[in-house]
Amino acid sequence: MVNERCIGIFDSGYGGLTILDGIRQRMPEYDYIYLGDNARAPYGTRSFDVVYEFTLQAVKKLFEMNCPLVILGCNTASAKALRSIQQKYLPQYAPDRRVLGVIRPTAEVVGDISCTKHIGVLATEGTIKSESYKLEIEKLHPDCTIVGQSCPMWVPLVENNEFDKPGADYFVKDSLEKLLSQDPLIDTIILGCTHYPLLLPKIKQQLVQLSTLNSQLSTLKVIPQGHYIATSLEDYLRRHPEMDQRLTRGGTCQYLTTESATKFRENASLFLHEEVNVQHITLN
């Protein structure tokens, strides 16, 4: 793929595959490289400095593989590393490359989706502590109120293939109740982690049960990110034809992991429902 100029998509683990899937469904003609830093996942509890270091290593690797454009398909990386990469690294070392995140596309649309203007965010501890969603949404929609709730068990449930098992019910219900108790006027919830769409059936099931106690919850909207990120990327390339012209269109997708290729192949099927060829790499 040396001569192909791909869209790179990076995540600390497998969750970014939901972003890749959404983008490829909308824009199947482009070439893609997905890089998962599975050996060092999860990023959610790591410090800002460590997340920046790891994310920058991945971005550099994708640049080396001829990606003019990289999407951080990871909320933690978007929250803790994106701004520094855009403001400090790119201008000096890669002025002709671009790195985009997954927080702003969702923030842009959520203010128009919510009727009460009270929005909840479910995400990892790192994303919640960064307040990235709160800051971005309030900047774009100053009339909105945002509250967040970390879900420390949700990523392990997905990565250990327990997301559709009965044991997941308690943890999903617990996080939903904690979020909704902070603000009873919430009518829209953002799934601020790319792993969480796999828990969507459980989330909806628990909301149905909770709505028997509070009828208002029957109309609550839950927003996965994939669709909005794909739409936002399509719009970005439309507004930046100079970048769009640099990208090749062969409909290919290459998968890289810092973990075992066999393990990645097995787990990727949970997100993509297809067999993938994977290459093991190292980041430094």
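No experiment lies behind these values; they were computed from the predicted model shown.

Enquirer: Tell me about the pairing of strand S1 (residues 7-11), residues and numbers included.
Expert: Counting buried residues along S1, five of its five residues qualify, which places the element largely inside the surrounding structure. Of the two faces of S1, the one carrying Ile-7, Ile-9 and Asp-11 and the one carrying Gly-8 and Phe-10 are both buried. The pairing of S1 with strand S2 (residues 32-36) spans five bridges and is classified as parallel. Residue pairing across strands places Gly-8 opposite Ile-33, the latter belonging to S2.

Enquirer: Break down the pairing of strand S3 (residues 69-72) for me, with residues and values.
Expert: Where burial is concerned, the two faces of S3 agree: the one with Leu-69 and Ile-71 and the one with Val-70 and Leu-72 are both buried. Where S1 and S3 come together, four bridges link them in parallel fashion. Counterpart to Ile-7 in the pairing with S3 is Leu-69.

Enquirer: Break down unusual backbone geometry for me, with residues and values.
Expert: Following Ala-41, the chain continues to Pro-42 via a peptide bond in cis, the omega torsion being 0°. Its place among the elements puts Pro-42 in the loop between S2 and helix H2 (48-64). Despite not being glycine, Glu-131 has its phi angle at roughly 60°, a positive value.

Enquirer: So, H2: which residues are in play, and what are the values?
Expert: Between its terminal C-alpha atoms H2 stretches 24 Å, which fits the 24 Å expected from 17 residues at 1.5 Å a residue. Three or more residues of H2 are buried, namely Val-51, Phe-54, Thr-55, Leu-56, Gln-57, Ala-58, Val-59, Leu-62 and Phe-63. Residues of H2 that are buried make contact with S1, S2, S3, helix H3 (75-80), helix H4 (82-93) and strand S4 (98-100). The first or second residue beyond H2 is Asn-66, which carries a positive phi of 75°.

Enquirer: Explain the state of the cysteines to me, and be specific about the residues and the numbers.
Expert: Scanning the entire structure with this criterion turns up zero disulfides. There is no disulfide at Cys-115, and the cysteine sulfur nearest it, in Cys-144, is 11 Å away. The exposure class of Cys-144 is buried, given its relative accessible area of 5%.

Enquirer: I'd like a rundown of the side chain of Lys-80, residues and numbers included.
Expert: On the secondary structure map, Lys-80 appears in helix H3. Lacking a salt bridge, the buried Lys-80 has Glu-125 as its closest oppositely charged neighbour, with an N-O distance of 7.7 Å. One polar contact links the side chain of Lys-80 to the main-chain carbonyl oxygen of Arg-46, over a distance of 2.3 Å. Beyond its immediate stretch of four places on either side in the chain, Lys-80 contacts Tyr-43, Gly-44, Arg-46, Ser-47, Phe-48, Val-51 and Gly-126.

Enquirer: Give me the nonpolar core: which residues, what numbers.
Expert: Soluble globular proteins tend to pack their nonpolar side chains together in the buried interior. Core analysis: the largest hydrophobic core is formed by 56 residues, its most contacted members being Leu-17, Ile-23, Leu-122, Ile-203, Leu-237, Tyr-255 and Phe-264. Leaving out residues up to four positions away in the same chain, Phe-264 has contacts with Tyr-14, Leu-17, Tyr-34, Asn-38, Tyr-255, Leu-256, Thr-257, Val-276 and Val-278. Counting residues in hydrophobic clusters, the runner-up holds 27 residues, among them Phe-10, Val-51, Phe-63 and Leu-82.

Enquirer: Explain the sheet that holds S1 residue by residue, including any values.
Expert: In space, the six strands of this open sheet follow the order S4-S3-S1-S2-S9-S10, with parallel pairing throughout. At either margin of the open sheet sits one strand with a lone partner, and together these are S4 and strand S10 (278-280). Averaged over all adjacent pairs, the angle separating strand axes in this sheet is 20°, with direction ignored. Across three bridges, strand S9 (residues 253-257) lies against S10 in parallel orientation. Within S10, the position partnered with Tyr-255 by the bridge is Val-278. Together, S3 and S4 form the strand contacts of H4, whose direction differs from that of S4 by roughly 170°. Helix H11 (residues 226-239) contacts S1, S3 and S4 of the sheet and is inclined by roughly 155° relative to S3.

Calculation criteria
- Residues numbered from 1 in each chain as written.
- Predicted model: local features only at pLDDT ≥ 70, side-chain atom pairs only at ≥ 80, totals over all residues.
- Heavy atoms only, no water.
- Buried < 20%, exposed > 50% of the residue type's maximum accessible area, 1.4 Å probe, protein only.
- Helix = DSSP H or I, 4+ residues; strand = E, 2+ residues; numbered from the N terminus.
- Pairing = 2+ DSSP bridges.
- Expected span 1.5 Å × (residues − 1).
- Contact = heavy atoms within 4.5 Å.
- Disulfide = S-S within 2.5 Å.
- Lys, Arg positive; Asp, Glu negative; His and termini not counted.
- Salt bridge = Lys/Arg side-chain N within 4 Å of Asp/Glu carboxyl O.
- Polar contact = N/O pair within 3.5 Å; in protein donor to acceptor, adjacent residues only side chain to side chain.
- Core = buried A, V, L, I, M, F, W, Y, C linked by side-chain atoms within 4.5 Å.
- Axes fitted to C-alpha atoms, helices over the stretch in contact; angles between N-to-C directions.

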